[in-house]
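Remarks on the overall topology
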Amino acid sequence: MEDTHVHWRVRAIRGATTASENTIESIREAVTELLDELEAYNTLDPDEIVSATFTVTKDLDAIFPAAIARERAHWANVPLIDVQQMYVKGSLERCIRFLIHFNTPDPDVKIHHPYLRQAKNLRPDWTIAQIAGTQS
């Protein structure tokens, strides 16, 4: 008898960016760019997203990043939440991060963790690994 069970697995994608200032327009631009990068380089079906958590540093309060994500095609039913990032003296300012959990039938799915703008410095190891992975 053939095994017809699909072996789904929960995986996660992290990403971050920065807004140039604390305005609706600037935050919208940064979140849109971050989510565009997420969707361009990951095989991600919004119906398979378990949840997405957005964090912002205390200096960003003009708009919720989740509200921006919810406006995207097919994201209206994705469970989203915003929280304030823990403050650490000297940490990156005006930073927006996300953590997205999703279901996948492919446990070896390639994941691109987008780190943009000044947030590139948060995980330079992933940036180098991702560049090397795309050149093979």
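About the thresholds
- All residue numbers refer to position in the chain's written sequence, counted from 1.
- At least 70 in pLDDT is required for a residue's local features to be given in this predicted model, at least 80 for side-chain atom pairs to be given and counted, and no such filter applies to totals for whole chains, interfaces and linings, which use all residues.
- Side-chain metrics in this entry use all non-hydrogen atoms of the structure; hydrogen atoms and water are not considered.
- Here a strand is any run of E in DSSP of at least two residues, a helix any run of H or I of at least four, and the numbering for each starts at the N terminus.
- Throughout, exposure labels follow a simple rule: accessible area from a 1.4 Å probe, protein chains only, divided by the maximum for the residue type, with under 20% read as buried, over 50% as exposed, and the rest as partly exposed.
- Contacts described as polar in this section are N or O atom pairs within 3.5 Å, which, within protein, must combine one atom able to donate a hydrogen with one able to accept it, while residues neighboring in sequence count only if both atoms come from side chains.
- Pairs of residues are marked as contacts when any of their non-hydrogen atoms sit within 4.5 Å.
- Note: two strands are recorded as paired if DSSP finds a minimum of 2 bridges between them.
- Think of each axis as a best-fit line through the C-alpha atoms, taken over the contacting stretch in the case of a helix, with angles from 0 to 180 degrees between the N-to-C directions.
- Working definition: a ring pair exists when centres of Phe, Tyr or Trp rings (six-membered ring for Trp) sit within 6.5 Å. Plane angles under 30 degrees give stacked, over 60 give edge-to-face, the rest tilted.
- The criterion for a charge sitting over a ring is simple: Lys NZ or Arg CZ within 6 Å of the ring centre, and within 35 degrees of the ring normal.

1. Section: the overall build of the chain
- The helix and strand inventory of the chain stands at three helices and four strands.
- Counting from the amino terminus, the chain carries its helices and strands in the arrangement β-α-β-α-β-β-α.
- Residues classed as buried in the chain amount to 35% of the 136 residues present.

2. Quick notes on the side chain of Thr55
- By secondary structure assignment, the location of Thr55 is in strand E2 (residues 49-56).
- Accessibility expressed as a relative area gives 13% for Thr55, which makes it buried.
- A polar atom in the side chain of Thr55 sits 2.9 Å from the side chain of Gln85.
- If sequence neighbours within four positions are ignored, Thr55 has contacts with Val83, Gln85, Cys95, Ile96 and Arg97.

3. Quick word on unusual backbone geometry
- Located in the positive-phi region is His74, a residue other than glycine, with phi close to 75 degrees.
- By secondary structure assignment, the location of His74 is in the loop between helix H2 (65-70) and strand E3 (80-84).
- In this model, Arg94 sits at a positive phi of 50 degrees, which is unusual for a non-glycine residue.
- Relative to the helices and strands, Arg94 resides in the loop between E3 and strand E4 (95-104).

4. Some remarks on the sheet that holds E3
- Spatially, E1-E4-E2-E3 is the arrangement adopted by the four strands of the open sheet, whose pairing is mixed. The sheet is open, and its two borders are formed by strand E1 (9-18) and E3, each paired with just one other strand. Strand-to-strand twist in this sheet, taken as the mean axis angle between neighbours without regard to direction, amounts to 15 degrees.
- Here E2 pairs with E3 via five bridges, running parallel. Paired with Phe54 across the bridge in E3 is Asp82.

5. With respect to the packing of aromatic side chains
- Throughout the structure, instances matching the rule amount to one aromatic pair.
- For the ring pair Phe54 and Phe98, a centre distance of 6.3 Å and an interplane angle of 75 degrees mean the geometry is edge-to-face. Of this pair, Phe54 sits in strand E2 while Phe98 sits in strand E4, and the two are 44 residues apart along the sequence. For the pair formed by Phe54 and Phe98, the shared burial category is buried.
- In this arrangement the basic side chain of Lys58 is found over the ring face of Tyr87, its NZ or CZ atom lying 4.0 Å from the centre.

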